[in-house]
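So you can see what is in the structure, the chains are spelled out below.
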Amino acid sequence: MRILVTGGAGFIGANFLNLLVPRHPEHQFVNLDALTYAANPRSLDPVASLPNYAFERVDLCDFSALRAVFARHQPEVVVHFAAESHVDRSITGPRAFVRTNFEGTFNLLEACREIWAPGQGIFHHVSTDEVFGSLGETGRFDEETRYDPSSPYSASKAASDHLVRAWHRTFGLPVRVSNCSNNYGPLQFPEKLIPLMILNLLERKPLPVYGQGLNVRDWLYVEDHCEAIWAIIGAGQNGRTYNIGGRSEQRNIDVVKQLCRLVAEETGAAEPELLGLIGYVPDRPGHDLRYAIDSSRIEAELGWKPRESFASGLRKTVRWYLANRAWIDSVRTGEYRRWIEQNYGSR
Ligand code: NAD
Ligand code: TYD
């Protein structure tokens, strides 16, 4: 199969490619990515020179460039990860979110419709549980939960989900949608909670916990998410939605405390000193209280289950950041941005 992955230089996309490109030499993978601030080409070192991998630096909002990539590679499967993904950035600068998440998804759907005969191809849209808004103390999101997004990020993802389903109903495009809970693991840009706290701990910087730290997220190890998407591509049904979650609800403050303990254990630092870095800061506007996913559909229909527990996944993640200082430094110093400009600046 010829598989086009958008956003493959970001956190989840790079994990997806690093997992699947070596495992499936019989498939051709093309990574289409604009290389925004959130992308790090170093993340793709394990696959960059493999014969079944190619890279195209293209912005989804540049429709003619997108069409040219489709004409060149004739993808049979599209896995759509590319997005602006950070809620805090969507509060300070929502425009990029509407542009990439809405207009970019629209362009991608149109590019597929141009080259695929009716019923041909698979368009897998990677989305988030944040489209459902906030849960109270109880209950879980299932595939029928009403959309009720709170942030510009989740509203733009909800809008993109609606486009994808409309292209299925109106044009017969073979789409599949997955709504997943919060991911963590290697290669995550350190603006998100878990890598931000790990890096701040290593530098003994304050750990900014929003509000009282009582918000709950349902954490899933990134490779489990990638395996779920692969299972849906392999055996899912067109027009169907799959919720993906970790059955691993954690309050933010408990996540941060676990990270203090793990970093202390892994580096020999004194845990009380690390716990002393925790500071409560003003809450995020529109901050959803709780997310929790009911993933019984994908478990029953496709036999998928998360393999990693939160305890083991979090330790692996801490170890990965400790062992990959060059990746961290490239992010921290902006070295990777200079690399992108040198290698792609003139294209
Ligand atoms: P990320 O921010 O780490 O990476 C996004 C990637 O998309 C980057 O490589 C970036 O360069 C690329 N990109 C951005 N704008 C683009 C454009 N206009 N054209 C082409 N490429 C562009 O994001 P992530 O955390 O890897 O998330 C991937 C997808 O998964 C997103 O759609 C996100 O909504 C969804 N998701 C993320 C999580 C999570 O916890 N991170 C959970 C559920 C769903
Ligand atoms: P984040 O990683 O931004 O993911 P999302 O907002 O998409 O769930 O944040 C996860 C949780 O951690 C969320 O409830 C906000 C909180 N948070 C903090 O308390 N401090 C921080 O510095 C960050 C980035 C997030």
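Just so it is clear, the model here is predicted, and its values are computed rather than measured. (Residues numbered from 1 in each chain as written. Chains lettered and ligands numbered in written order. Predicted model: local features only at pLDDT ≥ 70, side-chain atom pairs only at ≥ 80, totals over all residues. Heavy atoms only, no water.)

Participant: I'd like a description of the site of ligand 2, backed by residues and values.
Facilitator: Neighbouring ligand 2 are 17 residues; Glu130, Pro208, Arg217, Arg284 and His287 lie closest to it. Side-chain polar atom of Arg217 to an oxygen atom of ligand 2: 2.8 Å apart, as the coordinates give it. When the free accessible area of ligand 2 is taken as 500 Å², the share hidden by the protein chains comes to 97%. Among the secondary structure elements, those contributing two or more residues to the shell around ligand 2 are α3 (87-92), α6 (193-202) and β8 (207-210). Looking at the shell around ligand 2 element by element, the count peaks at three residues for β8. (Near = heavy atom within 4 Å. Polar contact = N/O pair within 3.5 Å; in protein donor to acceptor, adjacent residues only side chain to side chain. Areas by Shrake-Rupley, 256 points an atom, 1.4 Å probe, with all protein chains shown as cover. Helix = DSSP H or I, 4+ residues; strand = E, 2+ residues; numbered from the N terminus.)

Participant: I'd like a description of the environment of Glu265, backed by residues and values.
Facilitator: Looking at where Glu265 falls in the secondary structure, it is placed in helix α8 (residues 252-267). A relative accessible area of 44% places Glu265 in the partly exposed class. Between the C-alpha atom of Glu265 and that of Arg315, which follows or precedes it by 50 residues, the distance is 9.8 Å. For Glu265, the side chain forms a polar contact with the side chain of Arg315, separated by 2.6 Å. (Buried < 20%, exposed > 50% of the residue type's maximum accessible area, 1.4 Å probe, protein only.)

Participant: An account of the pattern of salt bridges is needed here, citing residue identities and associated values.
Facilitator: A complete count under the given rule lists 22 salt bridges for this structure. In this structure, the salt-bridge partner of Glu265 is Arg315, at a minimum N-O distance of 2.6 Å. Taken together, the residues Glu265 in helix α8 and Arg315 in helix α11 (residues 310-323) connect sequence positions 50 residues apart. We note a salt bridge from Glu266 to Arg319, for which the minimum N-O separation is 3.1 Å. Separated by 53 residues along the polypeptide, Glu266 in helix α8 and Arg319 in helix α11 bring together distant segments of the chain. (Salt bridge = Lys/Arg side-chain N within 4 Å of Asp/Glu carboxyl O.)

Participant: Outline the site of ligand 1, supporting the account with residue identities and numerical values.
Facilitator: Close contacts around ligand 1 come from 28 residues, with Ile12, Asp33, Ser85, Tyr153 and Lys157 the closest. Take Lys157: an N or O atom from its side chain is 2.6 Å from an oxygen atom of ligand 1. Mapped by element, the contributors of at least two residues to the shell around ligand 1 are α1 (11-23), β5 (122-128) and α5 (152-171). At three residues, the largest contribution of residues to the shell around ligand 1 is made by β5. Of the residues that constitute the shell around ligand 1, the class distribution is 15 nonpolar, 10 polar and three charged. (Nonpolar A, V, L, I, M, F, W, Y, C, P; charged D, E, K, R; others polar.)

Participant: For the state of the cysteines, give the residues involved together with the corresponding values.
Facilitator: This structure, assessed with the given rule, holds zero disulfides. With no disulfide of its own, Cys180 lies 9.2 Å from the sulfur of Cys226, the closest cysteine sulfur. (Disulfide = S-S within 2.5 Å.)

Participant: Go over unusual backbone geometry, please, and point to the residues and values.
Facilitator: Most peptide bonds are trans, and most residues other than glycine sit at a negative phi. The phi torsion at Gln74 lies on the positive side, around 45 degrees, for a residue other than glycine. Mapped onto the secondary structure, Gln74 falls in the loop between α2 (63-73) and β4 (77-80). Judged by relative accessible area, Gln74 falls into the partly exposed class, the value being 37%.

Participant: Outline the packing of α8 against α11, supporting the account with residue identities and numerical values.
Facilitator: Direction vectors running N to C along α8 and α11 enclose 55 degrees, while the axes themselves pass 10 Å from each other. In terms of orientation, α8 and α11 fall into the oblique class. Classified by chirality, the crossing of α11 by α8 is right-handed. Residues Val255, Gln258, Leu259, Arg261, Leu262, Val263, Glu265, Glu266 and Thr267 of α8 lie in contact with α11, whose contacting residues are Phe310, Leu314, Arg315, Val318, Arg319 and Leu322. Taken together, the residues of the contact of α8 with α11 break down into eight nonpolar, two polar and five charged. (Axes fitted to C-alpha atoms, helices over the stretch in contact; angles between N-to-C directions. Parallel < 35°, antiparallel > 145°, perpendicular 65-115°, else oblique. Left-handed = near helix turned anticlockwise from the far one by under 90°. Contact = heavy atoms within 4.5 Å.)

Participant: Tell me about the pairing of β8, and name the residues and values.
Facilitator: Residues Leu207 and Val209 point to one face of β8 and are all buried, whereas Pro208 and Tyr210, pointing to the other face, are not buried. Of the strand pairs in this sheet, β8 and strand β13 (residues 278-281) are connected by four bridges, and their pairing is parallel. The residue of β13 that forms the bridge with Pro208 is Gly279. (Pairing = 2+ DSSP bridges.)

Participant: Requested: an account of the nonpolar core, with residues and values cited.
Facilitator: The biggest cluster of nonpolar side chains holds 61 residues, and the ones touching the most others in it are Phe16, Val79, Ile194 and Leu259. In contact with Phe16, not counting residues within four places along its chain, are Val5, Val79, Phe81, Cys226, Ile229, Trp230 and Ile233. Within the second largest apolar cluster, 22 residues are counted, among which are Val69, Leu108, Trp116 and Leu163. (Core = buried A, V, L, I, M, F, W, Y, C linked by side-chain atoms within 4.5 Å.)

Participant: Tell me about the sheet that holds β5, and please be specific about residues and values.
Facilitator: What the seven strands build is an open sheet, ordered β3-β2-β1-β4-β5-β6-β11; its pairing is parallel. The open sheet terminates on both sides in strands that have one partner only, identified here as β3 (53-57) and β11 (240-244). Across the sheet, the axes of successive neighbouring strands diverge by a mean angle of 20 degrees, strand direction being ignored. Pairing of strand β1 (residues 2-6) with strand β2 (residues 28-33) involves five bridges; the strand directions are parallel. Bridging from a neighbouring strand, Val5 pairs with Asn31 of β2.

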